[in-house]
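# Reading the structure
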Amino acid sequence: MVQGTTSDAGKSTLVAGLCRVLARRGVRVAPFKPQNMALNAAVTTDGGEIGRAQALQAAACHIAPHSDMNPVLLKPTTDVGAQVIVQGRVLGNYAAQAYHALKPALREAVLESWQRLGAQYDAVIVEGAGSPAEINLREGDIANMGFAEAADCPVIIVADIDRGGVFAHLVGTLDLLAPSEQARVIGFVINRFRGDIALLQPGLDWLEQRTGRPVLGVLPYLQGLTLDAEDALPAATAAAEGAFRVVVPALPRISNHTDFDALRLTPGVALEFVPAGRALPPADLIILPGSKNTRADLAWLRERGWDAAIRRHLRYGGKVLGVCGGFQMLGEAVCDPRGVEGAPGDTKGLGLLSMRTELCAKKQLRRVAGRLTLGGECLTGYEIHAGESSGTALGRPLCSLDDGRADGAISADNCVAGTYVHGVFDQPEACRALLAWAGLICAETPAMDVLRETALDRLADAIEAHLDLARLDRMTGLGFSR
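Model, not experiment: these values are computed from the prediction.

Conventions adopted
- Residues numbered from 1 in each chain as written.
- Predicted model: local features only at pLDDT ≥ 70, side-chain atom pairs only at ≥ 80, totals over all residues.
- Heavy atoms only, no water.
- Core = buried A, V, L, I, M, F, W, Y, C linked by side-chain atoms within 4.5 Å.
- Buried < 20%, exposed > 50% of the residue type's maximum accessible area, 1.4 Å probe, protein only.
- Helix = DSSP H or I, 4+ residues; strand = E, 2+ residues; numbered from the N terminus.
- Contact = heavy atoms within 4.5 Å.
- Salt bridge = Lys/Arg side-chain N within 4 Å of Asp/Glu carboxyl O.
- Pairing = 2+ DSSP bridges.
- 1 Å grid on protein atoms, 1.4 Å probe; cavity = no way out; pocket = protein on both sides within 12 Å on 5 of 7 lines; lining within 4 Å.
- Points joined across faces, edges and corners; volume = space filled by probe spheres on them.
- Axes fitted to C-alpha atoms, helices over the stretch in contact; angles between N-to-C directions.
- Arc of directions from axis to C-beta.
- Nonpolar A, V, L, I, M, F, W, Y, C, P; charged D, E, K, R; others polar.

In terms of nonpolar packing, the biggest core is built from 66 residues, with Phe260, Leu263, Ile287, Leu372 and Phe425 touching the most fellow members. Ranked by the residues each element gives to this core, the list is headed by helix H12 (residues 428–438), at seven residues. Once you skip the residues sitting within four places of it in the chain, Ile287 turns out to touch Val246, Val247, Val248, Pro249, Phe260, Leu263, Leu321, Val323 and Phe425. Within the second largest apolar cluster, 44 residues are counted, among which are Trp114, Ala151, Ala159 and Leu207.

Under the criterion given, the structure shown has 32 salt bridges. Among the salt bridges present, the one from Arg163 reaches Asp160, with a minimum N-O distance of 3.4 Å. Residue classification places Arg163 among the partly exposed residues on the basis of a relative accessible area of 44%. In this structure, the salt-bridge partner of Arg264 is Asp261, at a minimum N-O distance of 3.2 Å. Of this pair, Arg264 and Asp261 both sit in helix H8 (residues 261–264), three residues apart, roughly one helical turn. When its relative accessible area of 33% is taken as the criterion, Arg264 is described as partly exposed. We classify Asp261 as buried; its relative accessible area is 6%. Residues participating in the shared-partner salt-bridge network are Arg20, Arg24, Arg25, Glu453, Asp457, Asp461 and Glu464.

Before going further, it helps to examine the pairing of strand S16 (residues 285–288). Here S16 shows two buried faces, one formed by Leu285 and Ile287 and the other by Ile286 and Leu288. When strand S13 (residues 244–249) meets S16, the two strands line up parallel, connected through two bridges. When the sheet's bridge partners are listed, Val246 is paired in S16 with Leu285. Pairing analysis gives four bridges linking S16 to strand S18 (residues 319–323), with the strands arranged parallel. Along S18, the bridge assignment pairs Leu285 with Lys319.

There is about 540 Å³ of room inside the second largest pocket. Along the walls of the second largest pocket sit 23 residues, with Arg52, Arg367, Tyr382, Asp426 and Arg452 positioned nearest its centre. Residue assignment for the lining of the second largest pocket shows that the elements contributing at least two residues are strand S4 (41–43), helix H2 (52–60), strand S21 (356–372), strand S22 (378–390) and helix H13 (448–466). Looking at which element gives the most residues to the lining of the second largest pocket, the answer is H2, with five residues.

Attention now moves to the sheet that holds strand S15 (residues 269–274). Sheet architecture is open: six strands sit in the order S15-S13-S16-S18-S26-S25, paired in mixed fashion. Two strands in the sheet have a free side with no partner beyond their single neighbour: S15 and strand S25 (409–410). Pairing analysis gives four bridges linking S18 to strand S26 (residues 416–419), with the strands arranged parallel. By the bridge assignment for S26, Val323 is matched with Thr419. Sheet strands in contact with helix H10 (residues 306–315) are S13, S15, S16, S18 and S26, and its direction is about 130° off that of S18.

In space, the four strands of this open sheet follow the order S1-S10-S11-S12, with parallel pairing throughout. Where the open sheet ends on each side, the last strands, each with one partner, are strand S1 (2–4) and strand S12 (215–220). Neighbour-to-neighbour, the strand axes of this sheet turn through a mean angle of 25°, independent of strand direction. In this structure, strand S10 (residues 155–160) lies alongside strand S11 (residues 185–193), joined through six bridges in parallel fashion. Bridged to Ala159 within S11 is Ile190.

Below, the discussion takes up H10. Of all the residues in H10, the buried ones are Trp306, Asp307, Ala309, Ile310, His313 and Leu314. The buried residues of H10 occupy one face: seen down the axis, they fall within an arc of 160°. Along its buried surface, H10 packs onto S13, S15, S16, helix H9 (294–303), S18 and S26.

What follows is about empty space enclosed by the protein. A water-sized probe, rolled over the atoms, reveals where empty space remains. Considering all chains together, one arrives at two cavities of 30 Å³ or more under this definition. There is about 240 Å³ of room inside the largest cavity. Lining of the largest cavity is provided by 22 residues; of these, Ser291, Lys292, Glu341, His385 and Ala386 occupy positions nearest its centre. Listed by contribution, the elements that provide at least two residues to the lining of the largest cavity are strand S6 (72–78), helix H11 (325–329), S21 and S22. Here the lining of the largest cavity gets four residues from one element, more than from any other, and that element is S22. Split by residue class, the lining of the largest cavity holds five nonpolar, 13 polar and four charged. Reported here for the second largest cavity is a volume of approximately 30 Å³. Every residue along the wall of the second largest cavity is listed here: Arg107, Val110, Leu111, Ile142, Gly146, Phe147 and Ala150. Residue assignment for the lining of the second largest cavity shows that the elements contributing at least two residues are helix H3 (96–120) and helix H4 (145–151). In the lining of the second largest cavity, the residues fall into five nonpolar, one polar and one charged.

Right, here's the structure in full:
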């Protein structure tokens, strides 16, 4: 099990890399994360929903994602509540206090999924969540040491040296664990190091003497590593003069922002997530992203005057695209008679497409393939949504899916479009076609599956070069030395 001193310490990346290392050696390996809190999700082959990081880790293993790989997924809907998904299916919406009362039942589901994976694979690499040293969350823990104790699992702790304070993070985390939990820690990994390793060595020696645990390796800072983010928005980059500007409002409950990774990596495109407190900047294309709480995020847009900014953008010749929840916002209303997202009621949409959406308790989860109606370009992706849309706008669909359904809409003036398909930019020809619709003719767009594979191999190369895999194999017997 890989645990971290903090969120974003490198747990997901290290698990993915270790999985790829084992897969290279012919070990049948699978990833596992007992509990995840993330708004970036993926659809599994068994029709469930898991965190996107676990789908990436499954790809590192050369296997299809399954709901057992992330048996508890929390998707925040408010600051104090989340939708709880168990073994791929929605259990319900729970406030934070109520969720903790569920933990005994969730623990059973976690161990059941863990046992099923263990019966199918030679090795399972587990990822923790946040930090195991969160004192307020220790009781009933199923995400970190609580799981490790129940599964009798050895633990590696990873820390990010690029943040600073790496020795305090590691020593402090170990010190705050119970004695039985400390005994499970077999070593440390330091992540994102840049510089002369000789200057770090005295600190490594001190750490090993202070804790009695080995430093299993120091991983270098890998610039430009293209891997799906678990949740955090990518950092903004400066726009080159003359770049095609794509603006995405950073909604409070933005989901599946990995939809736009292909755009970020397209030469000549400058994509920016715009946070609260800023006006929407000039843009060629505005994309309304997915949302875990469409009605609340729609109200949030209005409070900031961004609805008027979007209409002004259209008056001056810009284009607007909505994906999933963003697509629903483009219609005349989002109706929630059953209180799926909170108090029952209707929220007025932006009125840019002639359609209405009704939120339903049953979530639609499917992997899809098809073609854009723009020019027949192939697309692949997935749907994760709780709404059903209807209206005349759907008579001009954006996508024609292989299962016979039409998806999305294009306005009569060709300036507004939307789709329920996540990942619609991931295929190069679909990305080029959508950019051409928005006003940019480009010859080069990335193939995300190729970039992902290249990044996973690069990550595994770094692990093989900088981790003591022979020692790790002696400690775990998982096959790292094959």
